[in-house]
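The chain contents come next:
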Amino acid sequence: MEEGISRIGVSLPKSLLDDFDNIIKRRGYSSRSEAIRDAIRAYIAEYRWLESEKGEIVGAVVVIYDHKIHGVSDAIINLQHEFSGIITSSMHVHLNRDQCLELILVKGEMEDIKRLVDRISVIRGVLNIRLISAMKELKD
Ligand code: NI
């Protein structure tokens with residue numbers, strides 16, 4: 001094995017791996033390992049960006065989740081009550097039979113918004129979460 005390379009085994013739902021394989025094939029990756037390395041780098045870059053942002057922002061947290069997983073809807077609602085100081089409004093969209101989209105508009109300190117995003121991320125049943133942020137005021 002190449003020096004400095006670690007091998008890992010990962011368990012994934014088949015449908016997730018099929019989606020991943022379809023995408024990397026279309027994008028022209030020659031190997032799954034290479035695509036996974038890029039995906040991990042993108043994940044790290046996004047997290048570092050999130051960590052580096054500071055100050056007051058306005059933004060939108062977009063959450064996609066599987067409402068059939070027991071407790072996920074309640075957990076997301078409870079968190080919105082807990083973080084009501086930074087949440088201005090939210091919208092719920094039933095995407096299909098299983099999946100819901102929750103759009104949460106936020107305004108406040110990045111540190112608090114990051115904490116909300118982290119708490120939602122780890123809820124079982126949450127499939128994807130994105131924070132889109134903008135500065136509260138733009139100087140002209
Ligand atoms: Ni729904």
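Note that the structure is a prediction, hence the values are computed from the model and not measured.

**Considerations on the coordination of the nickel ion**
Then, in step 1: Protein-derived coordination of the nickel ion comes from His92 (NE2), His94 (ND1) and Cys100 (SG), at a distance range of 2.0 to 2.3 Å.
Then, in step 2: For the nickel ion, the single-chain donor residues occur in sequence as H-x1-H-x5-C.
Then, in step 3: Residue His94 is classed as exposed on the basis of its relative accessible area, which comes to 64%.
Then, in step 4: Its relative accessible area of 4% is what places Cys100 among the buried residues.

**Here's the deal with the domain arrangement of the protein**
Then, in step 1: Taken as a whole, the protein is organised into domain 1 (14–50) and domain 2 (55–135).
Then, in step 2: Taking only C-alpha atoms into account, the centre of domain 1 sits 24 Å from that of domain 2.
Then, in step 3: Taken together, the contact between domain 1 and domain 2 spans four residues of the former and seven residues of the latter.
Then, in step 4: Roughly 450 Å² of surface becomes buried between domain 1 and domain 2 when both sides are summed, with 54% attributable to carbon and sulfur atoms.
Then, in step 5: If you look at where domain 1 meets domain 2, you find one salt bridge.
Then, in step 6: For Glu46, the salt bridge goes to Arg130, with nearest N and O atoms at 3.2 Å.
Then, in step 7: Residue composition of the side of domain 1 that touches domain 2, grouped by class: three nonpolar, no polar and one charged.

**Some words on the nonpolar core**
Then, in step 1: By size, the foremost hydrophobic cluster in this structure holds 23 residues, and its most contacted members are Val61, Val63, Val106, Leu116, Ile120, Val126 and Leu131.
Then, in step 2: Where this core is concerned, the elements lending two or more residues are strand S1 (56–66), helix H3 (72–82), strand S3 (99–109), helix H4 (110–121) and strand S4 (126–135).
Then, in step 3: Counting residues per element, this core draws most heavily on H4, at five residues.
Then, in step 4: If sequence neighbours within four positions are ignored, Leu116 has contacts with Leu79, Phe83, Ile86, Ile87 and Val106.

**A word on the pattern of salt bridges**
Then, in step 1: Counted under the stated rule, the structure contains seven salt bridges.
Then, in step 2: One salt bridge in this structure joins Asp38 and Arg41, with 2.7 Å as the shortest N-O distance. Of the two residues, Asp38 and Arg41 both sit in helix H2 (residues 32–52), three residues apart, roughly one turn of that helix.

**Considerations on the packing of helix H1 (residues 14–27) against H2**
Two quantities define a packed helix pair, namely the angle between the helix axes and the distance between the axes.
Then, in step 1: Viewed as axis vectors pointing N to C, H1 and H2 meet at an angle of 100°, and their least axial separation amounts to 11 Å. Considered as vectors, H1 and H2 are oriented roughly perpendicular to each other. Contacts between H1 and H2 pair Leu17, Phe20, Asp21 and Ile24 from the former with Arg32, Ala35, Ile36 and Ala39 from the latter.
Then, in step 2: Its residues assigned to classes, the contact of H1 with H2 comprises six nonpolar, no polar and two charged.

Calculation notes
Residues numbered from 1 in each chain as written. Predicted model: local features only at pLDDT ≥ 70, side-chain atom pairs only at ≥ 80, totals over all residues. Heavy atoms only, no water. Donors = N, O, S within 2.8 Å, 3.2 Å for Na, K, Ca; no water. Buried < 20%, exposed > 50% of the residue type's maximum accessible area, 1.4 Å probe, protein only. Domains from an automatic or database assignment. Contact = heavy atoms within 4.5 Å. Buried area = accessible area lost by both parts, 1.4 Å probe. Salt bridge = Lys/Arg side-chain N within 4 Å of Asp/Glu carboxyl O. Nonpolar A, V, L, I, M, F, W, Y, C, P; charged D, E, K, R; others polar. Core = buried A, V, L, I, M, F, W, Y, C linked by side-chain atoms within 4.5 Å. Helix = DSSP H or I, 4+ residues; strand = E, 2+ residues; numbered from the N terminus. Axes fitted to C-alpha atoms, helices over the stretch in contact; angles between N-to-C directions. Parallel < 35°, antiparallel > 145°, perpendicular 65-115°, else oblique.

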